[in-house]
Amino acid sequence: MSVVVYSTKSCPWCVKAKEYLDSLKVGYDSIDVGADKDAAKEVVEKTHQRGVPVVKVGERYIVGFDQGAIQSALREANLI
């Protein structure tokens with residue numbers, strides 16, 4: 001099961017999402033949608049939103065830093 005954080009360099013909530021995952025010792029890939037236009041397009045197609053962060057756990061997308069939703073998705077994926 002993979003975890004991906006879609007973010008931008010200037011997003012403070014993106015930093016918080018990554019710090020939260022780090023605190024749980026959950027590995028993740030980080031994709032800068034400001035630099036990777038294909039990834040940005042993919043996220044918009046999947047979520048119908050343009051905001052960051054977007055945390056993808058398996059096939060579940062969580063828009064924004066929603067600690068409860070992230071924790072729930074990680075538990076469902078048996079990652080915590």
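Because the structure is predicted, anything quoted here is derived from the model rather than measured. (Residues numbered from 1 in each chain as written. Predicted model: local features only at pLDDT ≥ 70, side-chain atom pairs only at ≥ 80, totals over all residues. Heavy atoms only, no water.)

### Some details on the pairing of strand β4 (residues 60-63)
Part 1 of the argument: Where strand β3 (residues 54-57) lies against β4, four bridges are found, and the strand directions are antiparallel. Note on β4: the bridge partner recorded for V54 is V63.
Part 2 of the argument: Following β3, the chain reverses through two residues before pairing antiparallel with β4; G58 in that reversal takes a positive phi of roughly 65 degrees. (Pairing = 2+ DSSP bridges. Helix = DSSP H or I, 4+ residues; strand = E, 2+ residues; numbered from the N terminus.)

### Focus on the state of the cysteines
Part 1 of the argument: This structure, assessed with the given rule, holds one disulfide.
Part 2 of the argument: The residue that forms a disulfide with C11 is C14, at a sulfur-sulfur distance of 2.4 Å. For the disulfide bridge between C11 and C14, the dihedral angle about the S-S bond is near 90 degrees, and by the sign convention the bridge is right-handed.
Part 3 of the argument: On the basis of relative accessible area, C11 is assigned to the buried category, the value being 9%.
Part 4 of the argument: Take C14: its relative accessible area is 1%, and that puts it in the buried class. (Disulfide = S-S within 2.5 Å. Buried < 20%, exposed > 50% of the residue type's maximum accessible area, 1.4 Å probe, protein only.)

### Some details on helix α1 (residues 12-23)
Helical geometry: 3.6 residues make up each α-helical turn, so side chains three or four residues apart lie on a common side.
Part 1 of the argument: With 12 residues, α1 ought to run about 16 Å at 1.5 Å a step, and its terminal C-alpha atoms sit 17 Å apart, in line with that.
Part 2 of the argument: Buried residues of α1: C14, A17, Y20 and L21, and no others. Along α1, the residues classed as buried sweep out an arc of 120 degrees about the axis, all on the same side. Exposed positions of α1 whose direction lies more than 90 degrees from the buried face are P12 and S23.
Part 3 of the argument: In this structure, the buried residues of α1 make contact with β1 (3-7), β3 and α3 (67-76).
Part 4 of the argument: Following α1 by one or two positions, K25 has its phi on the positive side, about 60 degrees. (Expected span 1.5 Å × (residues − 1). Arc of directions from axis to C-beta. Contact = heavy atoms within 4.5 Å.)

### A few points about the sheet that holds strand β2 (residues 29-32)
Part 1 of the argument: An order of β2-β1-β3-β4 is seen for the four strands of this open sheet, with the pairing classed as mixed. A strand with exactly one partner marks an edge of an open sheet, and here the two such strands are β2 and β4. If you compare each strand with its neighbour and ignore which way they point, the axes differ by 20 degrees on average.
Part 2 of the argument: Bridge analysis of β1 against β2 gives four bridges, and the strand direction is parallel. Bridge assignment links S7 to a residue of β2, and that residue is D32.
Part 3 of the argument: Together, β1, β2, β3 and β4 form the strand contacts of helix α2 (residues 37-47), whose direction differs from that of β4 by roughly 95 degrees. (Axes fitted to C-alpha atoms, helices over the stretch in contact; angles between N-to-C directions.)

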